[in-house]
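What the coordinates show
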Amino acid sequence: MTAILALDQGTTSSRAILFNHDGTIHAVAQREFKQIFPQSGWVEHDAIEIWNTQIETAREVLKNAGLTAADIEAIGITNQRETTLLWDRKTGRPVANAIVWQDRRTAAFCDELKAAGHADLIQNRTGLVIDAYFSGSKVRWLLDHVPGAREKAERGELAFGTIDSWLVWNLTGGALHLTDASNASRTMLFNLQTGDWDDELLRILEVPRSLLPEVRSSSEVYGETAPGIFDSPIRIAGIAGDQQAALFGQNCFARGSAKNTYGTGCFMLMNIGDQPRISRHQLVTTVAWKANGQTEFALEGSVFIGGAVVQWLRDGLGLVKSAEEIERLAVSVPDCGGVYMVPAFAGLGAPHWDQYARGTIMGITRGTTAGHFARAALEGIAFQVADILEIMNQDSGIPITELRVDGGACSNNLLMQFQADLLQVPVVRPKVIETTALGAAYLAGLATGFWKDRGEVQQAWQIDRIFTPQMSAADAAHRRARWKQALNRARDWEEHTTVNVERAL
C-alpha cells in the first residue's frame, strides 16, 4: 500500500499518523513530552526532546503498520505555531529551550512596542496585533538574554525557526532551513503583501535577517529525508501551522467557511479568500496556506487556554484521573450551578488581548461541587469561542451558518452541544477529527499527485454528527451576559511590572 505520513508536532505531544487515500487513519503513534515552567508565566520546551519524540513516533507508526519508508508517498508536517527556537548552524544544538507560544515573559517588551507607536504598522504589515504570543518578541528575548547569542547571530552562526523549521532541519540532516508562509505569518516579522520578511520590522525588533529561514509554499516537494532517518528516503512535501492545516483538513476552501479546533488552546479560522483583510476588532489576519502560486488568507481568533483547562483539572486539582472523565463529571449536575470559570491562565487572547488577565472562578457557594467545576470549565471554553465568532461575523461581513469542529475536545458531546447553543448555529463534527494532521497530509499528497486536486480531497470528508441549537436565543444571551461579568473580573489582574528575566540558561 501507499500512505501519507503526517507529523503532528503539538504543544504537549508529538504524533505520527498514517493516512490512506480515502482520508481515513491507518495507524497512529503518540508520545507526550515535558512542559517546563521556569517562572510564573513562562513556558518552555526542550527542542531535542521534541525532535526525539517526533522521530520515535514516525518510526513507531511505520513499524506498527508493517510498512517501510518505501511505502510512504510523502511526509506532511504540521506544528504548534509561534514557539520559538534558536540553534547553532554547525552543531545543530539549540542555544536554549524553545519559548512556547503560551509564554508571557515578553509582555513588557510588547507594551514598549505599543508605547513607541508601532501597533498600526505591525498590524497593517503582518495582520497581527502586538502580543507576547507571537514569535518576534520571543526571538528578540533569546538574542538579548542567551549569552553570546546576538554576537553569533550577527556572524550568521545561528538559525531561527518555529518547530516546523526545526523538524525539517533535523529530517534533512541540516540541509534545509525553511518554513512555509502560514508559519512565517505568525512571527510578527512577515509582510502579508510582499510575502517575505519585512526589513523595517526586523530593524524595529532587532532581529538579524541572517537568522531567518527561507519562506516556501505550503504544498511543494522541499526535499527528502537524510540517510539514516528511515530505511530509505521519503519526500517532505507539505508544511502548515496547526490551525491552518486544520482549516485545510476541514475542506474550508470557500470564502466564509470556518472551523474551530479544540486543542490545548482553541483556534477559530475563517477563509477570507486571496486578499488579506485587516480586522477592526482585534482578530488577526493570517496566511491560511500558499499552494500552486496562490496565497489564501484567514481571519483568526485564538483562545490561549482551551483543552488545557481540562489538563489543569486533572493534573493541578486532581478532580479527574483522565481527560475522558471530565464529561462524566460535568453531566453529574444539571447545569453549572451559577459557577463561571474564566481560564485566563496565560492572559486572554482574541478579541480581548489582555496580557495581564488571570484565571477566575465566580459564583462558588457552599453547594458547589466538583461537577459544577467540571461543567463551568467546559462552558468556559465554549464562551471564549462564542466571543470570537461574534466579532468574526462583524469583521468579515459574512454570517457563519455552521461551524466545523475538530481537535481532541470536540469528542466531548456536552461541550459541543453547549457550543451550538451559545452560537445559535449548527456545530458539525467530521468522522475524522484529526483534521490538523489530515490537512498536512492533504498538502503533501496534493504536491506529489497522491490526490489529484481539491475536489478529490473533498470527497473524503464525512460528517460524524451535527449538533443543532437546543437552548433558546434568550437563554443563550443571558448566559453570555453573565459570562462577560465574570470575564471583566478576570481582566487586568497581574501587575504591570517587569519580571526578573535574568536566569541561568
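Details of the structure are given in the entry above.
All values derive from a computational prediction rather than experimental measurement.

**Focus: the overall build of the chain**
A count of helices and strands for the chain gives 16 helices and 23 strands. Computed over C-alpha atoms, the radius of gyration of the chain comes to 22 Å, within 12% of the 23 Å expected from 2.2 N^0.38 for 505 residues, which places it in the range of a compact globule. For the chain, the proportion of its 505 residues judged to be buried stands at 62%. Within the chain, counting contacts between residues at least 6 apart in sequence, those at least 24 apart form 73% of the total. Surface summary for the chain: the accessible area is close to 18400 Å², and the carbon and sulfur share equals 47%. If the 47 positive side-chain charges of the chain are averaged to one point and the 58 negative ones to another, these points end up 2 Å apart.

**Structural notes on the packing of helix H1 (residues 47–65) against helix H6 (residues 163–171)**
At a closest axis distance of 11 Å, the pairing of H1 and H6 adopts a crossing angle of 65 degrees. Judged by the twist between their axes, the crossing of H1 over H6 is right-handed. Residues Ala47, Ile48, Ile50, Trp51, Gln54 and Ile55 of H1 touch H6, and the partners they reach there are Ile163, Trp166, Leu167, Asn170 and Leu171. Tallied by class, residues from the contact of H1 with H6 come to 9 nonpolar, 2 polar and no charged.

**A few points about the pattern of salt bridges**
The final tally for this structure, using the stated rule, is 33 salt bridges. With a shortest N-O distance of 2.7 Å, Arg15 and Asp8 are connected by a salt bridge. The buried category is assigned to Arg15, whose relative accessible area is 14%. On the basis of relative accessibility, which here comes to 7%, the residue Asp8 falls in the buried class.

**Observations concerning helix H13 (residues 413–423)**
The buried fraction of H13 amounts to 10 of the 11 residues, a majority that puts the element mostly inside the structure. Along H13, the positions that sit buried rather than exposed are Leu414, Leu415, Met416, Gln417, Phe418, Gln419, Ala420, Asp421, Leu422 and Leu423. Where H13 starts, the residue carrying a side-chain oxygen 3.2 Å from the main-chain nitrogen of Leu414 turns out to be Asn412.

**A look at the sheet that holds strand E2 (residues 13–19)**
Taken in spatial order, the 6 strands make up an open sheet running E3-E2-E1-E5-E14-E13, and their pairing is mixed. Each edge of the open sheet carries a strand with a single partner, namely strand E3 (25–32) and strand E13 (219–224). Going from strand to strand, the sheet's axes swing by 25 degrees on average, the running direction of each strand aside. Bridge count for E13 against strand E14 (residues 235–241) is 3 bridges, and the pairing is antiparallel. Residue pairing for E14: Glu224 is matched across the bridge by Arg235. Against the sheet, helix H9 (residues 242–249) makes contact with strand E5 (72–79) and E14, and its axis sits at roughly 100 degrees relative to E14, the strand it touches most.

**As for the packing of H13 against helix H16 (residues 473–490)**
Axis separation between H13 and H16 bottoms out at 8 Å; the angle between their running directions is 100 degrees. With respect to their mutual orientation, H13 and H16 come out roughly perpendicular. Counting all contacts with H13, which are made through Phe418, Asp421 and Leu422, the residues of H16 involved are Ala476, Arg479 and Arg480. Residues belonging to the contact of H13 with H16 are distributed by class as follows: 3 nonpolar, no polar and 3 charged.

The rules we used
- Residues numbered from 1 in each chain as written.
- Predicted model: local features only at pLDDT ≥ 70, side-chain atom pairs only at ≥ 80, totals over all residues.
- Heavy atoms only, no water.
- Helix = DSSP H or I, 4+ residues; strand = E, 2+ residues; numbered from the N terminus.
- Rg over C-alpha atoms; globule rule 2.2 N^0.38 Å.
- Buried < 20%, exposed > 50% of the residue type's maximum accessible area, 1.4 Å probe, protein only.
- Contact = heavy atoms within 4.5 Å.
- Areas by Shrake-Rupley, 256 points an atom, 1.4 Å probe, with all protein chains shown as cover.
- Lys, Arg positive; Asp, Glu negative; His and termini not counted.
- Charge placed at Lys NZ, Arg CZ, Asp CG, Glu CD.
- Axes fitted to C-alpha atoms, helices over the stretch in contact; angles between N-to-C directions.
- Left-handed = near helix turned anticlockwise from the far one by under 90°.
- Nonpolar A, V, L, I, M, F, W, Y, C, P; charged D, E, K, R; others polar.
- Salt bridge = Lys/Arg side-chain N within 4 Å of Asp/Glu carboxyl O.
- Polar contact = N/O pair within 3.5 Å; in protein donor to acceptor, adjacent residues only side chain to side chain.
- Pairing = 2+ DSSP bridges.
- Parallel < 35°, antiparallel > 145°, perpendicular 65-115°, else oblique.

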